[in-house]
Structure formats: C-alpha cells, structure tokens
Amino acid sequence: MLNAVERTSEIACAAVTSILDKTVAAYPGRPAMDFLGRHTSYAELGRLVAHAACGFQQLGVRKGTRVGLCLPNTPYYVICYFAVLRLGGIVVNFNPLYVEREMRHQIEDSGTTIMVTLDIRQIYPKVAAALKDTCLERIVVCPMSGILTSMKSVLFSVFKRSEVAEIPDDLRHVTFERLIANDGVVQAAAIDPLNDVAVLQYTGGTTGVPKGAMLTHGNLTANVDQLYRWVPASQPGYERMMLVLPLFHVFAMTVGMNLGIAFGAELILLPRFELDQVMKYITKKRPTMFPGVPTIYTALIAAAEKGHEDLSSIKVCISGGAPLPLEVRNRFEALTGCRLVEGYGLSETSPVATCNPLDSGGKAGSVGLPLAGTTIEVRSPQNPSHVLPAGEKGEIYVRGPQVMAGYWRKPQETAAVMDEDALRTGDVGYIDEEGYVFLVDRLKDVILCGGYNVYPRVVEEAIYQHPAVAEVVVIGVPDPYRGQAPKAFVRLRDGHNATVAELKEFLGEHLSRIEMPKAIELRRELPRTMVGKLSKKELVAEEQAAHGGGA
Ligand code: AMP
C-alpha cells in the first residue's frame with residue numbers, strides 16, 4: 001500500500017561505496033557471496049575491495065578513469081566494482097557476449113583504458129584484440145579457477161583446460177592475484193555524489209547506436225534507498241538474493257547487487273541462466289529474493305509445473321525490463337505462493353522508476369506507483385509541454401533523483417531526451433485516478449494501422465490468455481490496404497497444441513478487427529536480447545527482408 005512506503009525523509013545521495021561500508025560494519029561475519037559453493041563473508045569482501053582498490057590505484061586509476069568490467073556474474077565483478085568506485089573511477093559495464101566490433105566500439109566511445117575480464121577463451125581474446133588498436137592500455141585478468149572451491153578448481157583445471165585462454169606475461173596484463181598483492185591501504189577519493197559519474201551504462205542497442213547513460217553516485221544510491229523503502233518485511237542481515245540476471249545489466253546491478261548489499265543479504269551468484277541449475281540452487285540455497293525478467297519466470301513456471309522443486313523460500317520477486325504478462329504473474333504466484341510484482345524503468349533511471357506495492361501486489365496490468373521522490377508525467381506526443389490528465393494515453397516522462405546526468409559525450413542525444421530534469425522515455429502509457437502507471441507500448445513499436453494506433457502489447461496480452469501459449473511477440477508488417485498490420489510470432493507451451501486457426505478463433509473474442517493479427521506464425525524459439533528479454537528487432541528485420549522494404 002502507498003502508506004507502507006516511507007516517502008517523507010530525504011532520499012539518500014552518497015558515494016556508492018557507502019552502501020558496502022555500512023554493511024561491512026554492521027554484518028562483518030554474515031555471508032556476502034556464494035559462488036558455486038564458495039563463500040565470502042562481508043568482512044572478507046571489504047578486505048578484498050580495499051586490496052583491489054590499492055592495486056587499481058597503482059595502475060593509475062583515479063577520479064574519472066574509465067575501467068571496464070567484462071565479466072559474467074562472479075565475485076570478481078562485485079570486488080572490482082566497489083574498488084574502482086572507491087577511487088572515484090567510473091565503471092563501464094561490458095556485456096561479455098559482445099562480439100569484437102561491439103567491444104571495440106564501447107571501449108573507444110567510453111575511453112576505457114583498463115578492462116577487467118576472465119581468463120576464458122569465450123571472452124578474453126575479444127578483449128585482448130582491442131589492445132592493438134584502441135585506447136585500451138591494460139587488462140586485469142581474473143582466473144576462473146581462482147574463485148571456485150578447491151574441489152571444483154581441480155576439476156576445472158583437469159577437465160576444462162581447453163576453455164582457459166593463454167595470457168601473455170607482459171606489462172599490459174595484470175593478474176588479479178597481483179592486483180591485490182599489496183597492503184590494502186588506500187586513500188578513498190572525495191566524491192561529489194550529485195555530479196560524479198559512477199557508472200556508464202550502455203543502452204539503446206535495440207534501437208540504434210548504443211549510448212552511455214551517465215549514472216552518478218547520487219543516482220545509484222537514491223535508487224537503492226527508494227527500493228529499500230519499497231520492500232517491507234525484509235530482515236537485514238538474513239536475506240538471500242538470487243542473482244541470475246547479469247550484473248552488467250543495470251537491473252541486476254541495482255536491484256540485485258546494490259540493494260542486496262544494502263540489506264546485508266548473501267548474493268547467490270550464478271554465471272549463466274541454466275534452468276536445471278537454477279532450480280537446484282533454489283532448493284539448496286533457499287533464496288528469499290529473486291529479481292528477474294519475464295522470460296525467466298516463464299521458464300521457472302515450466303519447471304515448477306513438473307512439481308519437484310521447492311520454491312517456498314522465495315518471498316519477493318521483482319520483474320522488470322519487459323512486460324510481465326498477467327498470465328505469467330498469476331501462474332507464478334499460484335505455483336509458488338510468493339509475490340511477483342512488476343516494476344518499470346530504464347537504464348537512464350538507474351533503473352527503477354515505478355513498482356507495484358509488495359504487500360497488496362498492486363494492480364493487474366499496471367507497472368505500479370512511482371517510487372518515493374519520483375514523479376511520472378504523461379505528456380501529449382504532439383505537444384510535449386502539455387501534461388495529460390488521468391486516463392489519457394501519452395508519452396511517459398520521469399523526474400527523480402535516479403534520472404541520469406545525460407549521455408556520455410553526446411550532448412545532442414541528451415538534449416533529445418531531457419526536458420530540464422524530466423526524462424523522455426519513449427514509452428506510451430497512462431496513469432489512473434489512483435496514480436497507478438500503465439504502460440501501453442514503446443512509441444516506436446506502435447503499429448499504424450489504417451489511421452488507428454494498434455499497440456502490440458494489447459494484442460500480445462490477448463494471445464497470452466490462450467492456455468497453449470508460452471510466449472508471443474507482435475510486430476507491425478507492411479499491409480497494402482492499411483499501411484501496417486499486426487503479425488504475431490508464437491511459441492507454444494511444451495506438450496500443448498494449438499493451430500493458427502484455433503488461435504485466430506480464440507482471438508476473435510478478445511480483439512477488435514483492426515487489432516487482429518493478419519498472420520500468426522508458430523515458432524519453436526523466439527529471439528531474445530542478450531539479457532533474455534524477447535526481442536522484436538530480428539523479426540522486424542526478417543519481415544523487411546521478406547517484403548523487400550520497410551516494415
Ligand atoms: P533498458 O534501458 O534497455 O533497460 O530498456 C528500458 C525499456 O524497457 C523501457 O523504456 C521500456 O520500454 C521497457 N520496459 C522496462 N520495464 C518494463 C515493463 N515492466 N513493462 C514493459 N516494458 C518495460
């Protein structure tokens with residue numbers, strides 16, 4: 001409920017490392033991380049961060065130095081993140097699945113001079129290639145075997161030797177071991193939280209050239225404070241946070257790692273999403289919090305429906321990043337007995353702007369209420385200075401202490417999305433009389449159909465109501481009569497059957513004629529973005545290629 005959230009006191013605005021420092025002081029003996037069975041306490045994490053910070057200082061990191069983290073979820077990420085921030089350095093998040101070209105572009109654009117990565121063949125060579133012809137000067141190489149339990153480490157070195165990359169022994173490479181071989185005494189930089197950038201979070205990959213959203217220390221600590229107030233009945237020092245979403249993504253970085261640390265929670269880090277392993281871990285490690293994207297919850301439902309695993313430890317699930325179909329939420333809650341609430345945000349808002357209340361669960365189909373200190377406005381797309389009344393659809397703008405400082409070295413792109421302190425999101429939605437925010441779609445995804453706006457999200461929600469449907473993506477395709485028309489790509493649930501004709505008949509009762517997909521295609525798999533959200537880009541490109549023009 002709205003009044004359960006403390007909204008009156010000032011939202012935090014501090015150095016990001018203060019989140020870790022407070023927890024290390026309050027819960028030194030509590031577990032901070034569990035990585036494939038290897039445990040690290042908060043006191044140990046604090047020590048490792050101090051030594052790594054000292055090592056980075058010796059490598060020349062100071063205020064403003066951009067240090068890339070190109071790591072899957074491992075303790076190295078957590079340690080290096082806080083070590084760089086302690087010196088006033090800027091963390092640049094890199095997706096380890098980037099191809100060489102993407103890696104190179106982000107290194108050059110951000111001016112990353114030091115990169116931290118793992119010594120495995122899937123990642124290291126792509127980073128090393130950039131040493132030749134970009135501004136990258138040094139690589140800190142973290143050994144995979146160094147973070148496994150001794151037993152797993154032996155197994156890894158025997159069976160996975162072929163996966164380990166060869167690392168040259170030269171001045172441009174520093175091992176993690178060498179990085180932390182010092183006395184750990186370091187002068188922390190003086191941070192101006194309102195203005196000092198902590199993280200460059202690249203975004204816009206699905207729409208165009210990626211841009212680095214500048215998230216300040218104040219932005220990130222504000223969002224953690226806003227979320228801390230949002231989650232009632234938490235038990236600081238005793239929560240366990242399941243982290244399968246990648247930490248290089250802003251959602252996992254804030255809602256998983258930083259919020260988890262603020263709670264004094266144990267971070268259960270998994271380097272990749274493998275359903276069997278995740279289910280096993282839930283039973284064994286009994287996490288209490290589990291942030292995810294809708295596709296993860298869909299997968300958990302499929303596994304839980306088979307009925308062998310005990311998911312009852314989980315108390316809180318926050319879904320974000322993409323629409324959470326009502327059916328998925330209802331099925332997940334019915335199966336697990338745990339609360340699954342949907343939030344909304346962007347890389348540019350650190351990321352959370354709104355969330356459904358955890359105690360009541362909020363409103364079906366809504367992305368919830370603005371967090372404390374956050375204002376959501378719906379403005380007319382034709383006349384952006386006009387704020388629309390409740391119930392009317394328009395473009396969503398966000399104001400609040402979590403809104404970015406702008407895009408890194410891109411004043412024009414910044415000016416295009418910032419109206420003074422309000423961020424233009426590119427999302428269409430409305431606010432109801434009680435202040436709940438409803439998203440309709442992304443402005444760029446709206447299908448212009450014979451003079452009407454058709455929102456793919458509305459069509460997708462209708463298709464999700466069919467019991468055989470697991471996942472669906474709707475896009476606009478060229479239509480000689482209407483200009484554009486909706487087309488649906490559907491993946492059926494395992495063990496279920498439905499023909500296109502049956503789906504169409506079902507939809508006849510749920511959609512208007514204009515919203516009815518002109519085609520429905522059944523697929524075994526649907527494309528996803530690198531963080532696992534369903535992705536439209538590939539399907540739009542396929543349709544463009546098939547029709548020889550703009551979809
Ligand atoms: P990114 O910055 O890559 O995380 O993407 C942000 C975009 O994800 C937003 O502008 C929305 O279009 C979309 N998004 C985030 N949360 C939700 C949600 N709960 N429902 C629908 N779309 C969402």
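Since we're looking at a predicted model, the values are computed, not measured.

## Thoughts on the overall build of the chain
- Summing up its helical and strand segments, the chain has 16 helices and 25 strands in all.
- Projecting the C-alpha coordinates of the chain onto the three principal axes gives extents of approximately 70 × 55 × 50 Å.
- Within the chain, the fraction of its 551 residues that count as buried is 57%.
- Within the chain, contacts between residues at least 6 apart in sequence are counted, and of these 69% link residues at least 24 apart.

## Focus: the site of the ligand
- The full set close to the ligand counts 15 residues, and E342, G343, S347, D427 and R442 are the nearest of them.
- In this structure, a nitrogen atom belonging to the ligand sits 3.5 Å away from a main-chain N or O atom of A322.
- In this structure, E342 approaches the ligand through a side-chain N or O atom, which is 2.8 Å from a nitrogen atom.
- Relative to its unbound accessible area of 500 Å², the ligand is 88% covered by the protein chains.
- Mapped by element, the contributors of at least two residues to the shell around the ligand are β13 (339–345) and β20 (437–442).
- The biggest single contributor to the shell around the ligand is β13, with four residues.
- Here the shell around the ligand is built from residues that sort into six nonpolar, five polar and four charged.

## Looking at the packing of aromatic side chains
- Applying the stated criterion across every chain, the model contains seven aromatic pairs.
- With a centroid separation of 6.2 Å and 55 degrees between ring planes, the pair formed by F290 and Y297 is classed as tilted.
- Since its relative accessible area comes to 0%, F290 is described here as buried.
- Where Y297 meets F332, the ring centres are 5.1 Å apart and the plane angle is 70 degrees; that geometry is what we call edge-to-face. Within this pair, whereas Y297 is found in helix α11 (residues 294–305), its partner F332 is found in helix α12 (residues 326–336), the two being separated by 35 residues in sequence. In this structure, Y297 and F332 share a single accessibility class: buried.
- Here the aromatic residues Y77, Y81 and F82 are joined through ring pairs into a cluster of three or more.
- Positioned above the aromatic ring of Y238 is the side chain of R30, whose terminal nitrogen or guanidinium carbon lies 4.1 Å from the ring centre.
- Across the ring face of Y397, the terminal group of R379 is positioned such that the distance to the ring centre comes to 4.0 Å.

Conventions we followed
- Chains are numbered independently. Their residues run from 1 in the order of the written sequence.
- Restriction of local features to residues with pLDDT of at least 70 applies here, the model being predicted, together with a cutoff of 80 or more for giving and counting side-chain atom pairs; totals for whole chains, interfaces and linings are based on all residues.
- Side-chain numbers here rest on the full set of heavy atoms in the structure, without hydrogens or water.
- Numbering of helices and strands starts at the N terminus; helices are DSSP runs of H or I of at least 4 residues and strands are runs of E of at least 2.
- Only protein chains enter the accessibility calculation, which uses a 1.4 Å probe. A residue is then buried if its area is under 20% of the maximum for its type, exposed if over 50%, and partly exposed in between.
- Working rule for contacts: check all heavy atoms of both residues, and any pair within 4.5 Å makes them a contact.
- Whether a residue is near a molecule or strand is decided by its heavy atoms; if any one of them lies within 4 Å of it, the residue is near.
- The term polar contact refers here to a pair of N or O atoms within 3.5 Å; inside protein, the definition further demands a hydrogen-donor-capable atom paired with an acceptor-capable atom, and it admits residues adjacent in sequence only when both atoms are side-chain atoms.
- Method for areas: the Shrake-Rupley scheme with a 1.4 Å probe, in which residue coverage is limited to the protein chains shown.
- Under the scheme applied here, ten amino acids are nonpolar (Ala, Val, Leu, Ile, Met, Phe, Trp, Tyr, Cys and Pro), four are charged (Asp, Glu, Lys and Arg), and all others, including Gly, are polar.
- By convention, a stacked pair of Phe, Tyr or Trp rings (six-membered ring in the case of Trp) has centres within 6.5 Å and planes under 30 degrees apart, an edge-to-face pair has planes over 60 apart, and any other such pair is tilted.
- Each ring is checked for a lysine NZ or an arginine CZ that lies within 6 Å of its centre and within 35 degrees of its normal; such an atom marks a charge sitting over the ring.

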